[in-house]
Amino acid sequence: KTILQEKRGIGHYEYNVQTMYVGYAPIEGTNNWTFIVTADENEIMASIPELQRKIMTNALFFLAAGIVLVYILGSSIANPIVKSIKYSQNIADLDLREDIPEKIKKRKDEVGDLSRALQVITDSIKEVIKEITNTSSQVMTASEEMLAASQQAATASAEMSQTMEQIAQGASDQAESTQQGAF
C-alpha cells in the first residue's frame, strides 16, 4: 500500500523474524510498473565493518600524506625566511662578509624579493664604506701635506726671525760705531 502511494522511496519491514529493507521506484515507459528490491538487514550490515576499515585506512593514508606534504611545503617556505633573517641580522651587526646565496635570490616569490632587497642593501653599504675609506685616505694625504707645509713655514719663519735679529744686531752695532766715531 505504501509503495503504491509514494511511488518511489525506501523502507523496512519484518518477515519471518528478520528485518528486511526495501527500495522501490517506477519503471519509466511502462504502465505503472514498479521495480522493487529487498535485502536482509544482516546481509546489508555485514559489509559495514569492511567499509569502515577501508575508510579508516584511506583516511590515515591521506592524513599521513597531508602531514608530509605540509612539512615539505612549510620547510620550503620557512627555511629561506630563516636564512634571510640570519642575513638581516648580519647586516644589522655590520657583518657584510657573506652574500645571500644565489639559490635564494633566484626564487620567484616574496622570499626571493626580500633576499634581493637585502643584497642591494648589503652592496650599497659596502659601496658607502668603500667611498668613506677612499675619502678618509684623501683627507689623510691632504693632512700630511698640510703638516709638511706648516713645518716648512715654521722653519722659514724661524730662519727669517734669526735673519731679522742678525740684521737688527748689525744695525745696532753700526749705529753704535757711528755714534762713537762722531765723538
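This text follows the structure it describes.
Rules used throughout
- Residues numbered from 1 in each chain as written.
- Predicted model: local features only at pLDDT ≥ 70, side-chain atom pairs only at ≥ 80, totals over all residues.
- Heavy atoms only, no water.
- Helix = DSSP H or I, 4+ residues; strand = E, 2+ residues; numbered from the N terminus.
- Buried < 20%, exposed > 50% of the residue type's maximum accessible area, 1.4 Å probe, protein only.
- Pairing = 2+ DSSP bridges.
- Axes fitted to C-alpha atoms, helices over the stretch in contact; angles between N-to-C directions.
- Core = buried A, V, L, I, M, F, W, Y, C linked by side-chain atoms within 4.5 Å.
- Contact = heavy atoms within 4.5 Å.
- Salt bridge = Lys/Arg side-chain N within 4 Å of Asp/Glu carboxyl O.

**Some thoughts on unusual backbone geometry**
Trans is the prevailing form of peptide bonds, just as negative phi is the prevailing case for residues other than glycine.
Stage number 1. The phi dihedral of N32 is positive, around 60°, even though this residue is not glycine.
Stage number 2. As for its position among the elements, N32 is in the loop between β2 (18-26) and β3 (34-40).
Stage number 3. Overall, the relative accessible area of 65% leaves N32 in the exposed class.
Stage number 4. In this structure, L94 is a non-glycine residue whose phi angle is positive, near 60°.

**Notes on the sheet that holds β3**
Stage number 1. A sheet is described by the order of its strands in space; here 3 strands give the open sequence β1-β2-β3, paired in antiparallel fashion. The sheet is open, and its two borders are formed by β1 (9-15) and β3, each paired with just one other strand. In this sheet, adjacent strand axes meet at a mean angle of 25° when their direction is disregarded.
Stage number 2. In this sheet, β2 lies alongside β1 in antiparallel orientation, the contact comprising 7 bridges. Bridging from a neighbouring strand, I10 pairs with G23 of β2.

**A closer look at the nonpolar core**
Across soluble globular proteins, you tend to see nonpolar side chains buried next to one another.
Stage number 1. Of all hydrophobic cores here, the largest spans 7 residues; its members are Y87, I91, L96, I100, I104, V111 and L118.
Stage number 2. Mapped by element, the contributors of at least two residues to this core are α3 (48-92) and α5 (110-182).
Stage number 3. Leaving out residues up to four positions away in the same chain, I104 has contacts with K83, S84, V111, G112 and S115.

**Let's talk about the pattern of salt bridges**
Stage number 1. Within this structure, the stated rule accounts for 7 salt bridges.
Stage number 2. Across the pair R53 and E50 runs a salt bridge whose closest N-O atoms are separated by 2.5 Å. Within this pair, R53 and its partner E50 are both found in helix α3, separated by 3 residues, close to a single helical turn.
Stage number 3. Between D113 and R116 there is a salt bridge whose closest N-O contact spans 2.4 Å. Here the residue D113 and the residue R116 both occupy positions in helix α5, the gap between them amounting to 3 residues, near one helical turn.
Stage number 4. Owing to a relative accessible area of 45%, D113 belongs among the partly exposed residues under this scheme.

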